[in-house]
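# Observations on chain architecture
The primary structure of each chain is shown beneath.
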Amino acid sequence: MTTTTTEATLGAGSAATPLPQQPQQQQKAKPAFGVLASISGAHMVNDMMQSLILAMYPILKGEFSLSFMQIGLITLTYQLTASLLQPLVGLFTDKKPLPYSLPFGMLSTLIGLILLAFAPSFGVVLLAAAFVGVGSSIFHPESSRIARLASGGQHGLAQSVFQVGGNAGTAIGPLLAALVIVPFGQRSVAWFALAALVGIFVLTKVSRWYATHHLANAKRKAPATVTAPYPRKVVLWAIAVLLVLIFSKYFYIAGLSSFYTFYVIEKFGLSVQSAQMHLFYFLFASAVGTVLGGPIGDRIGRKPVIWFSILGVAPFALMLPHANLFWTTALTILIGLVLSSAFSAILVYAQELMPGKVGMVSGLFFGFAFGMGGLGAAVLGVLADRTSIDFVYHAIAYLPLLGIVAILLPRKRTATA
C-alpha cells in the first residue's frame, strides 16, 4: 500500500524525477509531505468545526436551558452519526474509491455549522450536530487512506501528521470560542464557514492528486496479493483488544473534554472564557502528543506505544479529582500528551493486521472512537445530573487501567499492507 517514489515526489511538488524502472526505489520512497500537510490541514478544519460544538456547550446550556443529559445528547448525536457510517463508508471505498467524496464531506460539516449558528431550538442544534457527524463519516476513512498512500512506507509518521491536524483543530476550537463566540454570541459561529470553504478547496486538490497518481496507476496494474500476518482467529482477537483500548481512551476523553469547562467552573469558580482556555491547554497538549505516537511506533513498534499511552496515564487520572487548580491544569496537560499518542499506533497496528482493508479498518476505528465518545458523553451526562460533575471525574479515573489488556496483543507481525 506504500506510494512509489515518483508519486510521492509529484505529491510533494518536487521537480526531481527518479528512474521508474528500479525496483528498489519503492523501498526508498519518501513521504509526500505536500499531500500530508494538505490532508492534515483539512483535518484541522474539520475537527475545529466539531470542537466548536464542544466549546459552545456553556453558551448552549444557558441559551436553551439544557440539562447535562441534553449536553451529552448533542455529543452523542454527532458522534453516533459518524460512528455508524464510517465503517460502511470505509468498506465501500475499499472496493470503489471515491476521492472526490472528501469535498462533499466538508460541505456537510459546513451545513451543520450554519445550522448551529442560527439554531432556534435544541432540536435544530441536534440536526446541526448530525450534519457535522455525517461530514466526519465521509472525511475520515478516505483521508486516512490518502495519508497512508502518501506515507512513503512510514505509516506511523503519516498517521501522526494526519492526526495532529485533527487534534490541533480540536484544540483551537475552544480558543476561538473564547475569543469570538463568547463575546459575539451564537451567530458568530457562521464566520467559521470561511474556514470550511478553504477546506473544500484544499480537499478538491488532494482528491485530484489521489485520482491522478493512484487510481490511474491502480487501473494499469494487477491487484497485489496481500496476506494477513496471523490466522483469522488471532486477528479478530487482536482487533477486539484494540477496540477495548479505544473504549477506555475515548470514554475517558468524553468525560474529560465534554464536562471539563463545567468542572473547573464549578470546582474553582472560573469564568467561561477562563474555563475554555483551560480546555484549550488540554486539547493542545493532546495535539502535541499525537505527533509523537506514530514515529515512535515506527521505530520501536506499535505495542509499546499503545501500552504506555493508555496505561501510563492511569496515575495522573487517579490524582486528577483530588488536585487544586494548578495541578488540575498540569495533570490534564500530561494526560493529553500521553493519552493522545495511542490512536495513531492503534490504527496503524490494526491496518497491518488486516492488509488491503485500509478504508474499512480506518472507518471502523474512527467510527468506534466517535461512538464511544458520544456514548460516554451521554452516559456521563446522565450521571452528572443525578450526582455531580466531581463524582463523574472520580468515576472515570479508573478507565485508563483497562490499558493492561494491551499485554494480550500479538508481539510481532510478519506482513504489512
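Refer to the preceding data block for the structure.
Model, not experiment: these values are computed from the prediction. (Residues numbered from 1 in each chain as written. Predicted model: local features only at pLDDT ≥ 70, side-chain atom pairs only at ≥ 80, totals over all residues. Heavy atoms only, no water.)

## A word on the overall build of the chain
- A tally of regular secondary structure across the chain gives 17 helices and zero strands.
- Surface accessibility of the chain: about 16800 Å² in total, with carbon and sulfur atoms responsible for 69%. (Helix = DSSP H or I, 4+ residues; strand = E, 2+ residues; numbered from the N terminus. Areas by Shrake-Rupley, 256 points an atom, 1.4 Å probe, with all protein chains shown as cover.)

## Examining the packing of helix 9 (residues 232–258) against helix 15 (residues 342–353)
- The interhelical angle for the contact between helix 9 and helix 15, taken along N-to-C directions, is 165 degrees, at an axis separation of 11 Å. Taken together, the axes of helix 9 and helix 15 lie roughly antiparallel to each other. The handedness of the crossing between helix 9 and helix 15 is left-handed. Of the residues in helix 15, those touching helix 9 at Val235, Ala238, Ile239, Leu242, Leu245, Ile246, Lys249 and Tyr250 are Ala342, Phe343, Ile346, Tyr349, Ala350 and Leu353. (Axes fitted to C-alpha atoms, helices over the stretch in contact; angles between N-to-C directions. Parallel < 35°, antiparallel > 145°, perpendicular 65-115°, else oblique. Left-handed = near helix turned anticlockwise from the far one by under 90°. Contact = heavy atoms within 4.5 Å.)

## A few points about unusual backbone geometry
- Of note, serine 65 is a non-glycine position whose phi angle comes to about 50 degrees, a positive value.
- By the secondary structure assignment, serine 65 is in the loop between helix 3 (57–64) and helix 4 (68–95).
- Judged by relative accessible area, serine 65 falls into the exposed class, the value being 61%. (Buried < 20%, exposed > 50% of the residue type's maximum accessible area, 1.4 Å probe, protein only.)

## What to know about helix 15
- Taking 1.5 Å per residue, twelve residues should reach 16 Å; helix 15 reaches 17 Å between its end C-alpha atoms and fits that length.
- Judged by how many residues are buried, helix 15 sits mostly within the fold: twelve of twelve residues are covered.
- Within helix 15 the residues assigned to the buried category are Ala342, Phe343, Ser344, Ala345, Ile346, Leu347, Val348, Tyr349, Ala350, Gln351, Glu352 and Leu353. (Expected span 1.5 Å × (residues − 1).)

## As for the nonpolar core
- Within the largest apolar cluster, 114 residues are counted, with the highest numbers of intra-cluster contacts made by Leu242, Leu245 and Phe365.
- Top element by residues in this core is helix 9. It accounts for 13 residues.
- Non-local contacts of phenylalanine 365, meaning those with residues more than four positions away in its chain, are made with Ile239, Leu242, Leu243, Ile246, Phe343, Ile346, Leu347 and Ala350. (Core = buried A, V, L, I, M, F, W, Y, C linked by side-chain atoms within 4.5 Å.)

## Quick notes on the packing of aromatic side chains
- Considering all chains together, one arrives at nine aromatic pairs under this definition.
- With a centroid separation of 6.4 Å and 90 degrees between ring planes, the pair formed by tyrosine 263 and phenylalanine 268 is classed as edge-to-face.
- The buried category is assigned to tyrosine 263, whose relative accessible area is 2%.
- Classification of phenylalanine 268 as partly exposed rests on a relative accessible area of 23%.
- An aromatic cluster of three or more residues is present, and its members are Phe68, Phe259 and Phe262.
- Its guanidinium or amino end placed over the ring of phenylalanine 68, lysine 61 lies 4.9 Å from that ring's centre, counting from NZ or CZ.
- For lysine 249, the ring lying beneath its charged end belongs to tyrosine 250, and the centroid distance is 5.0 Å. (Phe/Tyr/Trp six-rings, centres within 6.5 Å; stacked < 30°, edge-to-face > 60°. Lys NZ or Arg CZ within 6 Å of the ring centre and 35° of its normal.)

## Digging into the environment of valine 161
- Relative to the elements of secondary structure, valine 161 occurs in helix 7 (residues 155–184).
- Distance in space between the C-alpha atoms of valine 161 and alanine 37 is 7.4 Å, their sequence separation being 124 residues.
- Valine 161 has contacts with Leu36 and Ser40, leaving out every residue within four places of it along the chain.

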